[in-house]
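Geometric and topological summary
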Amino acid sequence: MRRTAALLLAVPAFLSAQAPLPDDGRLDAAWFGPAAELQASKALGFQWLKTGLTLGHRSLRLKAWEPATWLLGKRATKDQLMLARLEDTLVPGLARGLQKGLKGTLPVSLAEGDLVLVGRVVDVVGEDGDAMFSGPSFLSLDLKLVDADSGELLGAFHTTLRGLGADSLAIQYAQWCESLGRLLAPLAKPLPVAGAVPTGAAKPVPPSAAVPAFDLEGALRRIEGLKRDGLLTEPECQVLRLKAAERAKAPAETK
């Protein structure tokens, strides 16, 4: 009886030990800190954003990435070579993808900004150059968004990209960076100011200015001047004088 009870008590601990790790052990929550509660994301793998986060009127600086951390242990030479091939393209590729997804809502720079985005590679699986057909390649990475002044964590992201070789991974990475930009874009749009006209909306038309009164005397002088210059005959002048007099009597809005 005692043995049965001991076995029953051991079952929960055994099941807990066998629970799968996030992203097969490639997601290290400690790197992000206790505030981040990353959740699975269809577009980004895993993501977390601070509740109520707004990024309006701010700017984003991309820092150089931290050295790669091999969370699953040091990989083979082909994996190291894959990392060396991709490493120098990660920050420039991130900048291009973010700018494409943000569509100008948040400035992105490598030199300045009151928001900082820093990343690291946590695992790489490269293609086998000796094989007739290359197997799948993997690139696992972390990114965190922090306030440049306070160091407060504002966002956390993790993903494992899969492709067939370095070129395929580069395409997957570009798409992922653009998706990250699209996620942040709505947070970077400034809140509308009361009374402001939304962009693209028709501006109110100011009331029309009052139509000035018809200058009858000036019109008659011009008619006489044209007659003196031989440009009008007397009958033509009479017709124009009559029209000028009728226009002077007409309501202002019809002039």
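Let us look at the structure shown here. Keep in mind it's a predicted model, so treat the numbers as computed, not measured.

**Description of the packing of aromatic side chains**
Counted under the stated rule, the structure contains one aromatic pair. On the basis of an interplanar angle of 80° and a centroid distance of 5.0 Å, the ring pair of W31 and F32 is categorised as edge-to-face. Given a relative accessible area of 5%, F32 falls into the buried group. Its end group placed over the ring of F138, R26 keeps NZ or CZ at 5.8 Å from the ring centre. A cation over an aromatic ring shows up here: K144 above the ring of W31, its NZ or CZ 4.1 Å from the ring centre.

**Some details on the nonpolar core**
Formed by 38 residues in total, the largest nonpolar core has its most connected members in L94 and L180. For this core, the secondary structure elements donating two or more residues are β3 (60-62), α2 (77-87), α3 (90-102), β5 (115-125), β6 (137-147), β7 (153-163) and α4 (166-188). Counting residues per element, this core draws most heavily on α4, at nine residues. Apart from the residues within four sequence positions on either side, L94 is in contact with L62, W65, L117, L143, Y173, C177 and L180.

**Things to note about the sheet that holds strand β2 (residues 45-49)**
Taken in spatial order, the seven strands of this open sheet run β1-β2-β7-β6-β5-β3-β4, and their pairing is mixed. With partners counted over all chains shown, the strands left at the sheet margins are β1 (39-41) and β4 (108-109), one partner each. Here β3 pairs with β5 via three bridges, running parallel. When the sheet's bridge partners are listed, R61 is paired in β5 with V116. Against the sheet, α2 engages β5 and β6, with an angle of about 150° to β5. Against the sheet, α3 touches β3, β4, β5 and β6, its axis set at about 155° to β3.

Conventions adopted
- Residues numbered from 1 in each chain as written.
- Predicted model: local features only at pLDDT ≥ 70, side-chain atom pairs only at ≥ 80, totals over all residues.
- Heavy atoms only, no water.
- Phe/Tyr/Trp six-rings, centres within 6.5 Å; stacked < 30°, edge-to-face > 60°.
- Buried < 20%, exposed > 50% of the residue type's maximum accessible area, 1.4 Å probe, protein only.
- Lys NZ or Arg CZ within 6 Å of the ring centre and 35° of its normal.
- Core = buried A, V, L, I, M, F, W, Y, C linked by side-chain atoms within 4.5 Å.
- Helix = DSSP H or I, 4+ residues; strand = E, 2+ residues; numbered from the N terminus.
- Contact = heavy atoms within 4.5 Å.
- Pairing = 2+ DSSP bridges.
- Axes fitted to C-alpha atoms, helices over the stretch in contact; angles between N-to-C directions.

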